[in-house]
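# Structural overview for review
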Amino acid sequence: MMKNTFRCLIVLALALSVSFAEAQVIGKERPVLEKNIYIGFKGGVTAMDMRYKNEKGDSFVNHTALYQSFGNIKGCLAGGVFVERTLPGWSYGIEFNFNMVNAISRPDKPHYVLQDSAYLANIRIPVKAIFLDDYLFSPYVFAAPEIGTYVSDTTFVTSQSIINGEVVQWGTKNARSLNLNIVAGVGVDAKIQIGLYEFKARFEAGYRLGLLNTMAKEIPFERKTRGWEATIGFAFPLFVNPSYAWFN
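Residues numbered from 1 in each chain as written. Predicted model: local features only at pLDDT ≥ 70, side-chain atom pairs only at ≥ 80, totals over all residues. Heavy atoms only, no water.

Another point: the overall build of the protein chain. Within the protein chain, the regular secondary structure consists of 2 helices and 12 strands. Counting from the amino terminus, the protein chain carries its helices and strands in the arrangement α-β-β-β-β-β-β-β-β-β-β-β-β-α. Within the span of the protein chain, comprising 248 residues, buried residues form 44% of the whole. Accessible surface, the protein chain as shown: approximately 12,700 Å² in total, 65% of it carbon and sulfur. (Helix = DSSP H or I, 4+ residues; strand = E, 2+ residues; numbered from the N terminus. Buried < 20%, exposed > 50% of the residue type's maximum accessible area, 1.4 Å probe, protein only. Areas by Shrake-Rupley, 256 points an atom, 1.4 Å probe, with all protein chains shown as cover.)

The structure is reproduced here in structure tokens:
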């Protein structure tokens, strides 16, 4: 189901880009510089699963609670802020984001791990290849390494698991503090001109694959995250094109 959902998101993003490929061309004289810095924010939903493997090599997956009921969306939110350096045809930047994980076992297939609910803080470095950069709608593909950690149970939120019927809080004794992911996906930027500035409204969909075991070394099985995310965002440039300002 997760793979089919992610494929649908890719098809949707590509369909949007094709539909507007013949929309107005912004023109050679752009209100912003080709090489610029954008600052923005985004928010949306993430559907993260947990994949487990015990010492015998047996494995199973607890899927996101979002698949069982859309009412669980409050435990599957994601958001962040970013700084992006744009260049002709591509961009790179840094992003600070926060996402929730709520993976639960199916009622008809219970396991000894019934649930994992976690709050994760991450730093991501996305690199994008941008198409139709001079058009009103510009699709892109991106890939990013991401490093993060769980939010400690000593703060106002608690990351916890239900293992063998017992509630176990995440912490240095029960979880590894370092998590490493690879994220890849597609997106579409819609350019919005306001005065001398060219803002960007953004839709983005990606898949996150956890590379490291998040379970503590003392616990004899591994736990890795994986799943998709979909967000909308808004970004604004720091600089305007001086020649564009002169003509206006």
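This next bit is on the side chain of Thr225. For Thr225, the location among the structural elements is in strand 12 (residues 221-237). Since its relative accessible area comes to 3%, Thr225 is described here as buried. Once residues lying within four places of it in the same chain are set aside, the contact partners of Thr225 are Met48, Asp49, Met50, Asn179, Asn181, Leu209 and Gly210. (Contact = heavy atoms within 4.5 Å.)

A word on the nonpolar core. The biggest cluster of nonpolar side chains holds 15 residues, and the ones touching the most others in it are Met50, Tyr52, Val101, Val113, Trp170 and Phe221. Elements represented by at least two residues in this core include exactly strand 1 (36-54), strand 4 (90-104) and strand 5 (113-124). Every residue in contact with Val101, bar those within four places of it in the chain, is listed here: Met48, Met50, Gly75, Asp116, Ser117, Ala118 and Leu120. Core analysis: the next-biggest nonpolar cluster, separate from the first, contains 6 residues, Val45, Ala47, Leu66 and Ala230 among them. (Core = buried A, V, L, I, M, F, W, Y, C linked by side-chain atoms within 4.5 Å.)

This part covers the pairing of strand 9 (residues 166-169). Bridge count between strand 8 (residues 160-163) and strand 9: 4 bridges; the pairing is antiparallel. Bridge pairing in strand 9 links Ser161 to Val168. Counting the residues in the hairpin turn of strand 8 and strand 9 gives 2 residues, including Asn164, whose phi is positive at 50 degrees. (Pairing = 2+ DSSP bridges.)

This brings us to the confidence of the model for the protein chain. Looking at the protein chain, the pLDDT average stands at 85 and 85% of residues meet or exceed 70. The spread of mean pLDDT over the elements of the protein chain runs between helix 1 (residues 2-19), the lowest at 52, and strand 6 (residues 127-130), the highest at 97. Every residue in residues 16-27 is under pLDDT 50, and counting partners more than four places away or in other chains gives 16 contacts. (pLDDT = per-residue confidence, 0-100.)

Attention now goes to the packing of aromatic side chains. Considering all chains together, one arrives at 11 aromatic pairs under this definition. Ring pairing ties together the aromatic residues Tyr52, Phe60, Tyr112 and Phe221, which thus form one cluster. In this structure, Lys200 packs its charged tip against the face of Tyr38, placed 4.4 Å from the ring centre. Directly above the aromatic system of Trp170 lies the positively charged group of Arg223, at a separation of 4.0 Å from the ring centroid. (Phe/Tyr/Trp six-rings, centres within 6.5 Å; stacked < 30°, edge-to-face > 60°. Lys NZ or Arg CZ within 6 Å of the ring centre and 35° of its normal.)

Within the structure shown, the criterion is met by 14 salt bridges. Its salt-bridge partner being Asp108, residue Arg106 comes within 2.6 Å of it at the nearest N-O pair. Classification of Arg106 by relative accessible area gives partly exposed; the value is 41%. Put simply, Asp116 and Arg223 hold a salt bridge, and the shortest N to O gap is 2.9 Å. Residue Asp116 is found in strand 5, and its partner Arg223 is found in strand 12; the two are separated by 107 residues along the sequence. The class for Asp116 is buried, based on a relative accessible area of 0%. (Salt bridge = Lys/Arg side-chain N within 4 Å of Asp/Glu carboxyl O.)

So, on to the environment of Gly171. Along the chain, Gly171 turns up in the loop between strand 9 and strand 10 (179-194). Sequence-wise, Gly171 and Gln160 are 11 residues apart; in three dimensions their C-alpha atoms are separated by 8.8 Å.

We now examine the environment of Ala78. Secondary-structure assignment places Ala78 in strand 3 (residues 77-87). Ala78 gets classed as buried once you look at its relative accessible area, which sits at 16%. In this structure the C-alpha to C-alpha distance between Ala78 and Glu229, which are 151 residues apart in sequence, comes to 7.9 Å. Filtering out sequence-adjacent residues up to four positions away, Ala78 remains in contact with Gly43, Gly44, Val45, Thr46, Phe98 and Asn99.

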